[in-house]
Amino acid sequence: MPKHAYSVIRPSVLRSSVVFASPHSGRDYPDWFIRKSVLDGHTIRSSEDAFVDRLFSEAPDLGSPLLLAGAPRAFIDMNRGAAELDSAIIEGAAPNKHNPRVASGLGVIPRVVANGRAIYQGKLPYAEAERRIAKYWQPYHDRLGQLLADAREEFGEAILIDCHSMPHEAMDGVSQQGSRRPEIVLGDRYGGAAAQDIVDKVEAAFVGAGFVVTRNMPFAGAYVTQHYGRPSRRQHAIQIEIDRSLYMDETLIKPLSSFAEFQSVMSKVVSDIIDIGISDQSALAAE
């Protein structure tokens, strides 16, 4: 089994209501899991948000916690609900035909990786799904919930930044002819998961760094933003998708030679986002 459900890096001094989380950058693939899969150790990584943890690694130094999933997405998906079980891969699971994520093979226990490539031959026992959820999914979400509760207690609000990456080809049908291709997608469930002024400020942080940003198309956010985004309770959740081709070779799953330069740009973005949590708290204190 993967060694850890998650790791959390806390700042020495909590300065902001912003919490960063990376649910898909886990890369602890046990040998037995690879042997059980019909995929090789490289192909199974294709749905992993490789190196996203490194892009946001300076958040704790700047005053915000960073939560990192330990188990890889192909093993268990932290951005799905525990009930999003796929009967096509889990023995005894009830059919979940009306959930498009499950229907496409991307439930909490994924059936496929990128481009619809099957992970397993045959089905997994229901007990195996329960075990993965209990040992990895539940502890991750318990910790995430506690980090957000801590932020709300300290600052009166919490802002979750759910950090992801997307294949370059994901924007093929979104970019408009004659305009720059979007590089960042912000997902706020079409306004349901975060207050507009906070999303505006997050967008401004990326635009100020030179990125082309779009919202909710084709990624509006999944379980995490839907579950934790409660703007009426001053708890906001925003999903960030970054074009992988900006910093990595998607085929080789290796950082580009310019990775350090891109990471430096992202550090400034992270700093600006953290400042949102500080300024909002200052405004709240003045009310």
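Refer to the structure presented above.
As the structure is a computational prediction, the values presented were derived from the model and not from experiment.

K.L.:
If you had to explain the sheet that holds strand β1 (residues 6-9) to someone new, which residues and values would you point to?
P.N.:
Strands sit in the order β1-β3-β2-β4-β7-β5-β6 across an open sheet of 7 strands; the sheet is mixed. Pairing within the sheet leaves two strands with one partner each, and these edge strands are β1 and β6 (213-215). Strand-to-strand twist in this sheet, taken as the mean axis angle between neighbours without regard to direction, amounts to 20°. Both β1 and strand β3 (residues 66-69) contribute to a ladder of 4 bridges, which runs antiparallel. Residue pairing for β3: V8 is matched across the bridge by L67. Those strands touched by helix α5 (residues 126-155) are β1, β2 (18-22), β3, β4 (158-166) and β7 (235-243), and its axis lies near 165° from that of β2. Packed on one face of the sheet, helix α6 (residues 196-208) meets β4, β5 (184-187), β6 and β7 and runs near 155° to β6.

K.L.:
Break down the pairing of β5 for me, citing the residues and quoting the values.
P.N.:
In β5, alternate side chains face the same way, and those of I184 and L186 on one face and V185 and G187 on the other are all buried. Each parallel crossover has a hand, and the one from β5 via α6 to β6 is right-handed.

K.L.:
Account for the pattern of salt bridges, naming residues and giving values.
P.N.:
Scanning all chains against the criterion turns up 16 salt bridges. A salt bridge links R244 to D49, with the nearest nitrogen and oxygen atoms 3.3 Å apart. On the criterion of sequence distance, the pair formed by R244 in the loop between β7 and β8 (248-249) and D49 in the loop between α1 (31-36) and α2 (52-55) is long-range, its members being 195 residues apart. Judged by its relative accessible area of 7%, R244 falls in the buried class. Accessibility expressed as a relative area gives 1% for D49, which makes it buried. Salt bridges sharing partners connect three or more residues here, namely R73, D77 and R80.

K.L.:
Lay out the side chain of R132 in plain terms, naming residues and giving numbers.
P.N.:
If you trace the backbone, R132 turns up in helix α5. What makes R132 buried here is its relative accessible area of 0%. Polar contacts involving the side chain of R132 include one to the side chain of Y120, which spans 3.0 Å. When neighbours within four sequence positions are excluded, R132 is seen to be in contact with W32, F33, F75, I76, I109, Y120, L124 and W137.

K.L.:
An account of unusual backbone geometry is needed here, citing residue identities and associated values.
P.N.:
Geometrically, the link from M217 to P218 is a cis peptide bond, its omega value of 5° lying close to zero. One can find P218 in the loop between β6 and α7 (223-228). A positive phi angle, near 70°, is found at F51, a position not held by glycine. For N216, which is not a glycine, the phi torsion comes out positive at approximately 70°. By the secondary structure assignment, N216 is in the loop between β6 and α7. Assessed through its relative accessible area of 6%, N216 is described here as buried.

How each quantity is defined
- Residues numbered from 1 in each chain as written.
- Predicted model: local features only at pLDDT ≥ 70, side-chain atom pairs only at ≥ 80, totals over all residues.
- Heavy atoms only, no water.
- Pairing = 2+ DSSP bridges.
- Helix = DSSP H or I, 4+ residues; strand = E, 2+ residues; numbered from the N terminus.
- Axes fitted to C-alpha atoms, helices over the stretch in contact; angles between N-to-C directions.
- Contact = heavy atoms within 4.5 Å.
- Buried < 20%, exposed > 50% of the residue type's maximum accessible area, 1.4 Å probe, protein only.
- Right-handed = clockwise from strand over helix to strand, strands pointing away.
- Salt bridge = Lys/Arg side-chain N within 4 Å of Asp/Glu carboxyl O.
- Polar contact = N/O pair within 3.5 Å; in protein donor to acceptor, adjacent residues only side chain to side chain.

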